[in-house]
Amino acid sequence: MTGADNQQERATARGWVVGFIDGEGTFSISLHRNATMTLGWQVFPEFVVTQGAKSLHVLEDLQEFFSCGNIFVNRRHDNHRENIYRYCVRRRKDLCEIIVPFFLTNPLKTSKVDDFKKFVQVLELMRERQHLEREGLEEIAGIVETMNRGKPSRLLQSSETIRQTSRLRRG
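Per-chain numbering applies: the sequence of each chain, read as written, is numbered from 1 onward. For a predicted model such as this one, the threshold for reporting local features is a pLDDT of at least 70, and the threshold for listing and counting side-chain atom pairs is 80 or more; totals across whole chains, interfaces and linings nevertheless cover every residue. As a rule here, side-chain values cover all heavy atoms of the structure and leave hydrogens and water aside.

A. Quick peek at the environment of Thr 36. Per the convention used, a helix needs a DSSP run of H or I reaching at least four residues, while a strand needs a run of E reaching at least two, with both numbered from the N terminus. Along the chain, Thr 36 turns up in the loop between β1 (25-33) and β2 (41-52). Here a polar contact is taken to be a pair of N or O atoms separated by no more than 3.5 Å, where protein atoms must pair a possible hydrogen donor with a possible acceptor and residues adjacent in sequence count only if both atoms sit in side chains. A polar contact is formed between the side chain of Thr 36 and the side chain of Asn 34, at a distance of 2.5 Å.

B. Region of the structure containing empty space enclosed by the protein. Space inside and on the surface of the protein is sampled on a 1 Å grid over the protein atoms alone, with a cavity defined as a set of points where a 1.4 Å probe fits but cannot get out and a pocket as an open set with protein on both sides within 12 Å along at least 5 of 7 lines; lining residues have an atom within 4 Å of a point. Grid points are joined across faces, edges and corners, and a volume is the space filled by probe spheres set on the points. Under the criterion given, the structure shown has 1 cavity of 30 Å³ or more. In this structure, the largest cavity occupies an estimated 40 Å³ of space. Taken together, Met 37, Thr 38, Leu 39, Trp 41, His 131 and Leu 132 form the lining of the largest cavity. The residue makeup of the lining of the largest cavity, split by class, is 4 nonpolar, 2 polar and no charged. Here the term charged refers only to Asp, Glu, Lys and Arg, the term nonpolar to Ala, Val, Leu, Ile, Met, Phe, Trp, Tyr, Cys and Pro, and the term polar to all other amino acids, Gly among them.

C. Spotlight on the pairing of strand β4 (residues 84-89). Exposure categories follow from relative accessible area, calculated using a 1.4 Å probe and restricted to protein chains: below 20% of the type maximum is buried, above 50% is exposed, and the middle band is partly exposed. The buried fraction of β4 is high, at 5 of 6 residues. The criterion for strand pairing is that DSSP finds at least two bridges linking the strands in question. The pairing of β2 with β4 spans 6 bridges and is classified as antiparallel. Within the sheet, the bridge partner assigned to Thr 50 lies in β4 and is Arg 86.

D. Representation of the side chain of Asp 115. The residue Asp 115 is located in helix α4 (residues 112-127) in this model. Charge assignment in this entry is limited to Lys and Arg as positive and Asp and Glu as negative, and neither His nor the chain termini are counted. When a carboxyl oxygen of Asp or Glu is within 4 Å of a side-chain nitrogen of Lys or Arg, the pair counts as a salt bridge. In this structure Asp 115 is buried but unpaired, with Lys 118 as the nearest side chain of opposite charge at 5.0 Å. By definition, residues are in contact when any of their heavy atoms lie within 4.5 Å. Those residues in contact with Asp 115 that lie beyond four places of it in its chain are Phe 27, Thr 146, Met 147 and Asn 148.

E. Molecular detail of the sheet that holds β2. Strands sit in the order β1-β2-β4-β3 across an open sheet of 4 strands; the sheet is antiparallel. What marks the edges here is a single partner per strand, and that holds for β1 and β3 (70-74). For this sheet, the mean angle separating the axes of adjacent strands, direction not counted, is 35 degrees. Structural elements are reduced to axes, namely lines fitted to C-alpha atoms, with helices fitted over the stretch in contact, and the angle between N-to-C directions of any two is expressed from 0 to 180 degrees. Against the sheet, helix α2 (residues 56-66) makes contact with β2, β3 and β4, and its axis sits at roughly 10 degrees relative to β4, the strand it touches most. Sitting on the sheet, helix α5 (residues 134-145) is in contact with β1 and β2, with an inclination near 140 degrees to β1.

F. Region of interest: the pattern of salt bridges. One pass over the full model with this rule turns up 6 salt bridges. Ionic pairing is found between Arg 91 and Asp 94, a salt bridge with its closest N-O pair at 3.2 Å. In this structure, the salt-bridge partner of Lys 93 is Glu 97, at a minimum N-O distance of 3.7 Å. You can see Lys 93 and its partner Glu 97 sitting in helix α3 (residues 92-105), 4 residues apart, about one turn around the helix. If you follow the salt bridges from partner to partner, you end up with Glu 46, Arg 86 and Arg 90 in one network.

Shown next, in the form of structure tokens:
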């Protein structure tokens, strides 16, 4: 896809990528407990596209198109007959300098655009180093709860527990 010799082919490739990501891509932010971090939590932004083994070539095309990220195999042990592969871009520099600018210039068309905007918002908070402050980390956790499937944040649950416990001790 990157070897397109003319503008029309590059535009077609960009359109294909946007459409494919609208259907198959995910912009996600995870919060993981990490004792080595100052606040005990790590913010983990990730752009992911998942496909079965028969469509691995599509993930390879995306990796070539964006010139970043890695492809990982998830060997299945369930009733499916093929492994699942994940194209992942996790490096913040690649997210901020390649993935985000591409989708700002070539906007998504589906409701996935909302997750993308929140993804960009979290990356901006991280650029401002807000993830290293308790209030910023809680703001990020609140945003994460509204993304994708809207799972409750363990960080917010634990921080509320901490607040309630400290109020009881003071009271």
